[in-house]
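# Per-entry structural report
Chain by chain, the residues:
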Amino acid sequence: MKHRTGNLLTDRPELYEARFPDPERLAGRWAEDLLRLHGAGPAVLDLGCGTGRDAAVLHRAGRRVTGADLSGTMLAHARAHHPGPVYVQADLSRFDFGQRVFDAVVCLDSSLLYCHTNEQLDGFLASCRRTLAPGGLLVGEMRNGAYFLGRDAPPTAPAVSRFTWHGTTYRSSTALRVDRAAQLLRRTRVWTTDDGGPPVEEHSAWRLLLPQELRHFLTAHGFDVLALYDGPGPRTEPAWQPGAAPGTAADGDRLHVVARKRAPASTGDSAHPATGDQP
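Residues numbered from 1 in each chain as written. Predicted model: local features only at pLDDT ≥ 70, side-chain atom pairs only at ≥ 80, totals over all residues. Heavy atoms only, no water.

Once that is clear, we can look at the overall build of the protein chain. Helix and strand counts for the protein chain stand at eight helices and 12 strands. What you see for the protein chain is a C-alpha radius of gyration of 19 Å, in line with the 19 Å of a compact globule of 279 residues. Projected onto its principal axes, the C-alpha coordinates of the protein chain cover approximately 65 × 40 × 35 Å. The 279 residues of the protein chain split such that 49% are buried. Of all intrachain contacts in the protein chain linking residues separated by at least 6 positions in sequence, the fraction that spans at least 24 positions is 67%. If you sum the accessible surface of the protein chain, you get close to 12,700 Å²; carbon and sulfur atoms cover 51% of it. On the protein chain, the mean spot of the 32 positive side-chain charges and the mean spot of the 31 negative ones are 1 Å from each other. (Helix = DSSP H or I, 4+ residues; strand = E, 2+ residues; numbered from the N terminus. Rg over C-alpha atoms; globule rule 2.2 N^0.38 Å. Buried < 20%, exposed > 50% of the residue type's maximum accessible area, 1.4 Å probe, protein only. Contact = heavy atoms within 4.5 Å. Areas by Shrake-Rupley, 256 points an atom, 1.4 Å probe, with all protein chains shown as cover. Lys, Arg positive; Asp, Glu negative; His and termini not counted. Charge placed at Lys NZ, Arg CZ, Asp CG, Glu CD.)

Below is the structure:
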């Protein structure tokens, strides 16, 4: 068996889109709906853009979109298959696109949760604050730490799924483990195929943030939280549909947040104490 750290699907963007189809482009449409609802300007940064599907939705809605991801393979796929946005390589825990460049930052599909440590999360939020114009929006969609940390351990039996792509059947067996000390949801996934290839075991993890913990981080970095709720969203059941109002609870397995960069109190405002950067 081959062992690897990461995600096989990240190295195979076409396979990723086959495994996680989004024919209605709900994630991108959900983000666009929130951007319009809160009056965001046209310049948008899609952090952790992956294959570029959501960035392309925002582009078709008339926005000037930059899609950023750490994976060069994903970015190459995005440029070829979802043109329109500008695609650049960046680490979301420490990026610098200049000051006051974007009107909104969008971070979907738990991309933010690859910031495993407080230092990485601080770096992400400081970078967002630096690159956002005053009053700019941060829109995030992720797994909900309260759901996982407040429950019994995940089932011991791995979850099994199958799908066929280009004549090959892929089978994944996924086991989750909650590491409460580190507040990480650790995942071990074993891939097998019917084409004779060896099994592949991969390991990854997401940071589990409690809703009020996330609110605290955002406030400390100069954001006002406008909404923080579990559903409906693009990955919830039932899924978000146009016109659906945000919920008021935070009990489900997904968490959605909308925050606005706080405007400076005066033209002589000094650097924010938590971030050290100018508003």
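Moving on to the layout of surface pockets. Its volume calculated, the second largest pocket comes out at about 170 Å³. Every residue lining the second largest pocket is counted, 11 residues in all, and those nearest its centre are Leu8, Thr193, Gly197, Pro198 and Val200. Sorting elements by how many residues they give to the lining of the second largest pocket places strand β9 (residues 184–193) first, with three residues. (1 Å grid on protein atoms, 1.4 Å probe; cavity = no way out; pocket = protein on both sides within 12 Å on 5 of 7 lines; lining within 4 Å. Points joined across faces, edges and corners; volume = space filled by probe spheres on them.)

For the coordinates displayed, the defined rule picks out seven aromatic pairs. Arranged with centres 5.3 Å apart and planes meeting at 55°, the rings of Tyr16 and Phe20 form a pair that is tilted. Residue classification places Phe20 among the partly exposed positions, given a relative accessible area of 31%. Between the aromatic rings of Phe97 and Phe102, the centroid separation amounts to 6.2 Å while the plane-to-plane angle is 85°, which identifies the pairing as edge-to-face. Looking at Phe102, the relative accessible area reads 6%, which means it is buried. Clustering of aromatic rings is evident, with ring pairs tying together Phe95, Phe97 and Phe102. Above the face of the Trp206 ring, Arg143 is positioned so that its terminal group lies 4.3 Å from the ring centre. (Phe/Tyr/Trp six-rings, centres within 6.5 Å; stacked < 30°, edge-to-face > 60°. Lys NZ or Arg CZ within 6 Å of the ring centre and 35° of its normal.)

On average, residues of the protein chain carry a pLDDT of 92, and 93% of them reach 70 or more. A low-confidence stretch, residues 267–279 stays under pLDDT 50, and its non-local contacts, those more than four residues away or across chains, total 27 contacts. (pLDDT = per-residue confidence, 0-100.)

Okay, the environment of Ala259 next. With respect to the helices and strands, the residue Ala259 is situated in strand β12 (residues 254–261). Classification of Ala259 as buried rests on a relative accessible area of 0%. Taking the C-alpha atoms as reference points, Ala259 and Gly140, 119 residues apart in sequence, are found 8.8 Å from one another. Among all residues touching Ala259, those that are not within four sequence positions of it are Gly136, Leu137, Leu138, Leu218, Phe223, Asp224, Val225 and Leu226.

Here we take up the pattern of salt bridges. Scanning the model with the defined rule gives 12 salt bridges in all. Between Arg235 and Asp22 there is a salt bridge; the shortest N-O distance is 3.8 Å. Taken as a pair, Arg235 in the loop between β11 (223–229) and β12 and Asp22 in the loop between α2 (13–19) and α3 (26–37) lie far apart in primary sequence, 213 residues in all. According to the relative accessible area criterion, Arg235 is partly exposed, its value standing at 29%. The residue Glu213 makes a salt bridge to Arg207 at a minimum N-O spacing of 3.1 Å. Judged by its relative accessible area of 4%, Arg207 falls in the buried class. Connected through salt bridges with shared partners, the residues Glu32, Asp33, Arg36 and Arg63 form a single ionic network. (Salt bridge = Lys/Arg side-chain N within 4 Å of Asp/Glu carboxyl O.)

Those residues of helix α5 (residues 72–81) that fall on the buried side of the exposure criterion are Met74, Leu75, His77 and Ala78. Down the axis, α5 shows its buried residues gathered within 160° of arc, on one side only. Summarising the contacts, the buried residues of α5 are in contact with α1 (8–11), α2, β3 (64–69) and β4 (86–89). (Arc of directions from axis to C-beta.)

With that settled, consider the nonpolar core. A general trend in soluble globular proteins is that nonpolar side chains are found buried together. Core analysis: the biggest nonpolar cluster contains 34 residues, and Leu47 and Phe124 have the highest contact counts within it. Contributing elements (two or more residues each) for this core: β2 (43–47), β5 (102–107), α6 (118–131), β6 (132–143), α8 (211–220), β11 and β12. Looking at this core element by element, the count peaks at four residues for α6. Apart from the residues lying within four places of it in its own chain, the contact partners of Leu47 are Ala68, Leu92, Phe95, Val105, Val106, Cys107, Leu108, Ser111, Phe124 and Cys128. (Core = buried A, V, L, I, M, F, W, Y, C linked by side-chain atoms within 4.5 Å.)

Mapping Arg130 onto the fold places it in helix α6. For Arg130 and Ala31, which are 99 residues apart along the polypeptide, the C-alpha to C-alpha distance reads 21 Å.

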